[in-house]
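# Report on the structure
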Amino acid sequence: MNSLRLQGEIFALKQDGYGDKQFKFLNTGTSSECLMFAMKTNSGTVYTLRIEIPPDYPNSIPAVYITNPKPLRTKNGASMLESSFPMHTLEGKDGHVRICHFGYNSWSPRQTLAKVVMKCRMWLEIYEYHLQTGASVDSILKHDPNTGKRWY
């Protein structure tokens, strides 16, 4: 991992208004480095996210897990630990839901942790809408009818 790049991304997160109290890095300098991040949604609910940074970041996509509240469930009370295209989740681990923030085909080294954090916020807001209405995450995200790519 490029530590200079990571330091720059931490600086960018702080400039974007995410202070030291909202996130912290764990296992710095190891192969299991991660960013723990508290995020408050518009409804006032606070979620804790764990962004696992792969050793070859930014060449590989970070995994994002929601660690609190645990467990996340659908509006109907079903588990969200399995992969679900409609809910934009991947296989969870240790009882934590893994959310899809970038598709593997749309990830490149040009992407940043700030963009990952932004997409996590979008997912959480849509998830809360799902809890109210039952609408799937995928049904809310807009797609370009010509390419099938998401507009977010």
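Check the entry above for the structure.
Overview of the structure. The structure displayed is predicted, hence computed values, not measured ones. All residue numbers refer to positions counted from 1 along the written sequence of the respective chain. Only residues with pLDDT of at least 70 are given local features in this predicted model, and only at 80 or more are side-chain atom pairs given and counted; all residues enter the totals for whole chains, interfaces and linings. No hydrogens and no water enter the side-chain calculation; it runs on all heavy atoms of the structure.

An axis is simply a line fitted to the C-alpha atoms; with a helix, the fit covers only the stretch in contact. Between two such axes, the angle follows the N-to-C directions and lies from 0 to 180 degrees. Put simply, DSSP H or I for four residues or longer makes a helix, DSSP E for two residues or longer makes a strand, and each gets a number counted from the N terminus. One can describe the packing of helix α1 (residues 3–15) onto helix α2 (residues 113–133) by two numbers: an axis separation of 9 Å at closest approach and a directional angle of 45°. Taken together, the axes of α1 and α2 are oblique relative to one another. Where α1 abuts α2, its residues Leu 6, Glu 9 and Leu 13 lie against Leu 113, Ala 114 and Val 117. When grouped by side-chain class, the residues that make up the contact of α1 with α2 number five nonpolar, no polar and one charged. The cut-offs work like this: below 35 degrees is roughly parallel, past 145 is roughly antiparallel, 65 to 115 is roughly perpendicular, and the gaps in between are oblique. Contacts are residue-level and defined by heavy atoms, with any inter-residue pair within 4.5 Å sufficient. Three classes are used: nonpolar for Ala, Val, Leu, Ile, Met, Phe, Trp, Tyr, Cys and Pro, charged for Asp, Glu, Lys and Arg, and polar for all others, with Gly counted as polar.

Criterion for a salt bridge: a side-chain nitrogen of Lys or Arg within 4 Å of a carboxyl oxygen of Asp or Glu. What the rule picks out here adds up to four salt bridges. When the shortest N-O distance is used, the salt bridge between Arg 50 and Glu 52 registers 3.2 Å. By relative accessible area, Glu 52 is classed as buried at 18%. Between Glu 125 and Arg 121 there is a salt bridge, and its shortest N-O distance comes to 2.8 Å. With Glu 125 and Arg 121 both in helix α2 and four residues apart, this pair spans about one turn of that helix. Only protein chains enter the calculation, and the probe is 1.4 Å; a residue is then buried if its accessible area is under 20% of its type maximum, exposed if over 50%, and partly exposed in between. A relative accessible area of 28% means that Arg 121 is categorised as partly exposed.

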